[in-house]
There are 2 protein chains.
Amino acid sequence: MKLHGLSSIAGQPGTVGGTTFRAVNPAKLESLETVFHEASELEVDQAMNTSTAAFEQWRVCPGEQRALFLEAIAEEIEALGESLLACAHAETGLPMPRLLGERARTCGQLRLFATVAREGSWVDARIDSALPQRQPLPRPDLRRCLIPLGPVVVFGSSNFPLAFSVAGGDTASAFAAGCTVVVKAHRAHPGTSELVGSAVNRAVASCGLPPGIFSYIHGNGAVVGMAMARHPATSAVAFTGSHAAGRALYDAASARPRPIPVFAEMSSLNPVFLLPGALAECGEKLAQGLLASCTLGIGQFCTKPGLVFMLRSADADAFLQSLGALVRSAPSGVMLTSGIRTAFTEHRDAIIRVPGVRLLASAEATPDALGAQIQPSVAVTTAHDFLATPTLATEAFGPFALVVMAESADEILACAAALEGQLTATIHGNSADLTSARTLLAHLEQRAGRIVINAFPTGVEVCHAMNHGGPYPATTDTRYTSVGTAAMLRFARPVCYQDMPDDLLPPALQNANPLTIRRLLNGESTPGEG
Amino acid sequence: MKLHGLSSIAGQPGTVGGTTFRAVNPAKLESLETVFHEASELEVDQAMNTSTAAFEQWRVCPGEQRALFLEAIAEEIEALGESLLACAHAETGLPMPRLLGERARTCGQLRLFATVAREGSWVDARIDSALPQRQPLPRPDLRRCLIPLGPVVVFGSSNFPLAFSVAGGDTASAFAAGCTVVVKAHRAHPGTSELVGSAVNRAVASCGLPPGIFSYIHGNGAVVGMAMARHPATSAVAFTGSHAAGRALYDAASARPRPIPVFAEMSSLNPVFLLPGALAECGEKLAQGLLASCTLGIGQFCTKPGLVFMLRSADADAFLQSLGALVRSAPSGVMLTSGIRTAFTEHRDAIIRVPGVRLLASAEATPDALGAQIQPSVAVTTAHDFLATPTLATEAFGPFALVVMAESADEILACAAALEGQLTATIHGNSADLTSARTLLAHLEQRAGRIVINAFPTGVEVCHAMNHGGPYPATTDTRYTSVGTAAMLRFARPVCYQDMPDDLLPPALQNANPLTIRRLLNGESTPGEG
């Protein structure tokens, strides 16, 4: 499939003329063929302005129409077939089975958001009926529901070229909520972005929607991305990536004359606590599970476990021995970009260089001649040193974990209490361990968005009960998830209608309940029936 | 009742030593007797740290216990009897009937939040059951609910000495959500704050709760208030007041190493659109209603209508004539503080001085000898001048409104489209007017948090469906309300539990549903039964 290398603004190809760039095959360290053109400031302005105009129509489209559109996007993505997978493979180095799974997840989440938009109860409709006889003052008729925020800027992420990029979870949830979307395509997979973007454009056309509801923009994050976040028409930003970039976006958005929310999912160490009973009963299995979670996607998941805590014991020593052996025989892998590879080795080496940190093991696979591959590794330190050294609580985004050995249960609790915000926190324990882990749990609950028991944190289920978010610096807004159906709530705000004639109310609030949604009527939940 | 004039930190009186101040009776322009002591930075630190320690206990208290505490606060406030009303009257100049009503609202909202905390469904519990047989991967058991954020800093507001101060809506909703509270008492009513604070302290004691769950601090907003917003232990800020102060808090909170949400309710012009049919049918009644709304509490409500739009016509002229006559005979009144009085006259005069603005009428009541009273007034301009002059869309917080005359319906729409974010927007129209007002409604819905039809915006009902918030600059976070039961959502965040043993789950998520709350089970709403 021939790529044009341009941005797409309301369905129209952008212009040629600015800085150009090419994607790099990270496995071969070779530039790929297509030349991509960075968008101009004028194009950013056009994309945001057409997005604003299209929002007027899209925001009041019924849930059914939103659902059909989301389903059409999924179909168009599937229709791209092998060409999409091949392009993503060349641009990211991710293996085909992973990309197949990610495409399934991408289409699955588009369809899940379609069901929620179609069903409609997510708008949290509330009706308090008029009380004309109330003393000392009558109560008016008051009705409230969520309405869409406005044009949303979505930043594609490097590590999910499909599931968190052009038509990923952020885009799907924004569309489902009734917002229009302008994507800043990630520079590491611009061809994948163009292919998926063309799929979205075809879905827009086949559904007869205004083309301005979707645009994607190529360009540098610090210039083009910032211009998008600062544009007066932008009403929210969704981002997955580094802490530095996420914080820069948050700072820019907060400093606007009209500040806007930024949902940045940034960094997480995903601590894992291996309690004594679990180590005694299944240390070998834990070592296998930990290494698998730590090296899945060559460590490039935001939920990769980067810190492991345990109490010093013979079982802990045996665990370390098993883990070391497994690490030594672990395969090496290609990282997504040279930037990620460089940042990873720098952060990893900074940790290993800290006095008191000992490299437990490194994969012994022969390095590839090109130097494109990275070897997994694990280091060990003491709780005492961990508590004394902030560097040891920084993220190395890649296949590395630091095991922290504590001398007492109190030291483990002190480590838990010292943690910053996390996406996840995991405990492995037998039932006796868990019964006595309530204090540890309380610490973790206040520092993480998801608590995992006797499993590993990688693999984020897309469902209603998922929470993928957490206290800062895991995300900039701990009140929201970026995965799962609650992600739609990021892109909506409540409006109250007082004494509004029934036919002027949004359908969600009309007397006859034409959408047959759940509503709160005078404080009582009413089922989704007319 | 003798006042001590000190802050109260975890139930203990603060120290003497720093800057002192006295409240002023705004009707008599006389300082009141009690000397109040500003808190030191050390006291702020103590209050926040004891709040953090108490949060560990309070956050897991059952809803029933939270409800009993909120109800005990209401009872203790009522038990203060006349002394509270007399003190508030002396400090604010608000008339006794208003203070009686405000006390009823304050206690009413404490009790309403108690019912929501007791019922428990507000935590939005969601359960997705394990699917161990699912292919290609099993699904774990995932459960999610809202948990409290942490210590909340509440800024008392000048214009609601009871309902939005020490034990007002922000405090009540934070407690109901399971957060601890540290109040920055407003300097205009420190005695009222001490009395209400003592009531809260008595409720803390009678309920056997840790004293650290509540403190209040006297001091200057720019120094002591900022120190509270910047304190590392603070997890959220609630504020009602001026745009300058709200924005300063927002900027400080966003610039923290760990940014926190600021819910600042700041400024609103609350535009009112009088459509031709309504003007023809009931112009005189509209003039009465508008003036009443505009001068309620001598114009010191955040929902005071400050802008009125209408199409030029004979009916519009007649309306203006009626309004002018009513304004001339309107009573003058005492404003809350000399600072508010000065700011009001400055902003009002800046508007009136704009070329093309004409003073329609000013109340003719003889000014009081002291100069403490303010006369209501109304000015008129054209839509053309309104659209050309940003000053005309600034808030004069007090008894003043600007009537904007348009030459065409399109000009009215242009004015609506030019509005910044508002707490409310109001339309008066007969059924023909409203049927043709869909475009106007669409503009207003995107710029306001509450749409009022054929009524006036002052008077904010405390109920489930209320939304008191709106796009910036009405508030800093348009996704949340500060009035009504949804206000609790400001102070909570989701956590997901994966494969957690039933007895370690929060009761809201346990299999037996011991709280008998509504939950979303595999995407289906289930009623509040065990």
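Since the model is a prediction, treat every value here as computed from it, not as a measurement. (Residues numbered from 1 in each chain as written. Chains lettered and ligands numbered in written order. Predicted model: local features only at pLDDT ≥ 70, side-chain atom pairs only at ≥ 80, totals over all residues. Heavy atoms only, no water.)

Engineer: Break down the overall build of chain A for me, citing the residues and quoting the values.
Structural biologist: Across its full length, chain A holds 15 helices and 25 strands. A compact globule built from 530 residues would reach a C-alpha radius of gyration of about 24 Å, and chain A, at 25 Å, matches this within 12%. A separation threshold of at least 6 residues defines the contact pool for chain A, and within that pool the share at least 24 residues apart is 75%. Taken as two groups, the 38 positive and 46 negative side-chain charges of chain A have centres that lie 3 Å from each other. (Helix = DSSP H or I, 4+ residues; strand = E, 2+ residues; numbered from the N terminus. Rg over C-alpha atoms; globule rule 2.2 N^0.38 Å. Contact = heavy atoms within 4.5 Å. Lys, Arg positive; Asp, Glu negative; His and termini not counted. Charge placed at Lys NZ, Arg CZ, Asp CG, Glu CD.)

Engineer: Report on the interface of chain A and chain B, specifying residues and quantitative values.
Structural biologist: Across the boundary between the two partners, chain A contributes 74 residues, which contact 74 residues of chain B. For the pairing of chain A and chain B, the buried interface totals around 6,000 Å² over both sides, and the portion due to carbon and sulfur atoms is 51%. The largest contributions to the chain A side of the interface with chain B come from Glu445(A), Arg479(A) and Gln498(A), which together make up 12% of the buried area. Where chain A meets chain B, there are six salt bridges. For Arg59(A), the salt bridge identified is with Glu445(B), shortest N-O distance 2.8 Å. (Buried area = accessible area lost by both parts, 1.4 Å probe. Salt bridge = Lys/Arg side-chain N within 4 Å of Asp/Glu carboxyl O.)

Engineer: An account of helix H1 (residues 41-58) of chain A is needed here, citing residue identities and associated values.
Structural biologist: Taking 1.5 Å per residue as the helical rise, H1(A) with its 18 residues ought to reach 26 Å, and the 25 Å between its terminal C-alpha atoms agrees with that figure. Within the span of H1(A), buried status applies to Glu43(A), Val44(A), Ala47(A), Met48(A), Ser51(A), Ala54(A), Phe55(A) and Trp58(A). (Expected span 1.5 Å × (residues − 1). Buried < 20%, exposed > 50% of the residue type's maximum accessible area, 1.4 Å probe, protein only.)

Engineer: Lay out the confidence of the model for chain A in plain terms, naming residues and giving numbers.
Structural biologist: In the predicted model, chain A carries a mean pLDDT of 96, and the fraction of residues at 70 or more is 100%. Our summary of model confidence lists the complex with pTM equal to 0.97 and ipTM equal to 0.97. (pLDDT = per-residue confidence, 0-100.)

Engineer: Residue-level account of the packing of helix H4 (residues 96-119) of chain A against helix H5 (residues 169-176) of chain A, with values.
Structural biologist: Helix-helix packing is characterised by the crossing angle of the two axes and by the distance between the axes. All names here are of chain A. Here H4 crosses H5 at 20°, and the two axes come no closer than 9 Å. By the angle between their axes, H4 is roughly parallel relative to H5. H5 is crossed by H4, and the crossing has right-handed handedness. For the pair H4 and H5, the contacting residues are Gln 109, Leu 110, Phe 113 and Ala 117 in the first and Gly 169, Ala 172, Ser 173 and Ala 176 in the second. For the contact of H4 with H5, the residue count by class is five nonpolar, three polar and no charged. (Axes fitted to C-alpha atoms, helices over the stretch in contact; angles between N-to-C directions. Parallel < 35°, antiparallel > 145°, perpendicular 65-115°, else oblique. Left-handed = near helix turned anticlockwise from the far one by under 90°. Nonpolar A, V, L, I, M, F, W, Y, C, P; charged D, E, K, R; others polar.)

Engineer: Could you give me a rundown of the pattern of salt bridges, with the residues and numbers involved?
Structural biologist: Considering all chains together, one arrives at 34 salt bridges over all chains under this definition. For Arg202(A), the salt bridge goes to Glu76(A), with nearest N and O atoms at 3.2 Å. Placement of the pair is Arg202(A) in helix H6 (residues 190-206) and Glu76(A) in helix H2 (residues 63-79), with a sequence separation of 126 residues. Arg490(B) is paired through a salt bridge with Asp170(B); the nearest N and O atoms lie 2.9 Å apart. Of this pair, Arg490(B) sits in the loop between strand S22 (448-453) and strand S23 (492-498) while Asp170(B) is found in helix H5 (residues 169-176), placing the two residues 320 residues apart along the sequence. Of the two residues examined, Arg490(B) and Asp170(B), each falls in the buried class. Overlapping salt bridges, with partners in common, bring together Asp477(A), Arg479(A), Asp477(B) and Arg479(B) in one network.

Engineer: Can you explain the environment of Glu364(A)? Please cite residues and give values.
Structural biologist: Of note, Glu364(A) is situated in the loop between strand S17 (358-362) and strand S18 (373-374). In sequence terms Glu364(A) and Val327(A) are 37 residues apart; their C-alpha atoms lie 8.2 Å from each other.

Engineer: Lay out the pairing of strand S13 (residues 262-265) of chain B in plain terms, naming residues and giving numbers.
Structural biologist: All names here are of chain B. Alternating positions in S13 separate into two faces, Val 262 and Ala 264 on one and Phe 263 and Glu 265 on the other, with burial throughout. Where strand S12 (residues 236-240) lies against S13, four bridges are found, and the strand directions are parallel. By the bridge assignment, Phe 239 is partnered in S13 with Ala 264. With respect to chirality, the unit in which S12 leads through helix H8 (residues 243-254) into the neighbouring parallel S13 is right-handed. (Pairing = 2+ DSSP bridges. Right-handed = clockwise from strand over helix to strand, strands pointing away.)

Engineer: Break down the relation of the copies chain A and chain B for me, with residues and values.
Structural biologist: When chain A is fitted onto chain B, the two copies agree to an RMSD of 0.0 Å after a turn of 180° and an axial shift of 0.0 Å. Such a combination of turn and shift is consistent with a two-fold rotation axis. Residues of chain A ranked by C-alpha distance from the rotation axis are headed by Ser254(A), positioned 3.3 Å from it. (Least-squares fit on C-alpha atoms with pLDDT ≥ 70 in both.)

Engineer: Please give an account of the sheet that holds strand S22 (residues 448-453) of chain A that cites residues and values.
Structural biologist: Taken in spatial order, the twelve strands make up an open sheet running S17(A)-S19(A)-S20(A)-S15(A)-S14(A)-S21(A)-S22(A)-S23(B)-S8(B)-S7(B)-S24(B)-S25(B), and their pairing is mixed. For this open sheet the edge positions go to S17 of chain A together with strand S25 (524-526) of chain B, each flanked by a neighbour on one side alone. Neighbour to neighbour, the strand axes of the sheet diverge by 20° on average, direction disregarded. Judged from the five bridges that link them, strand S21 (residues 422-428) of chain A and S22(A) form a sheet pairing that is parallel. Pairing of Thr424(A) across the sheet is with Arg450(A), part of S22(A).

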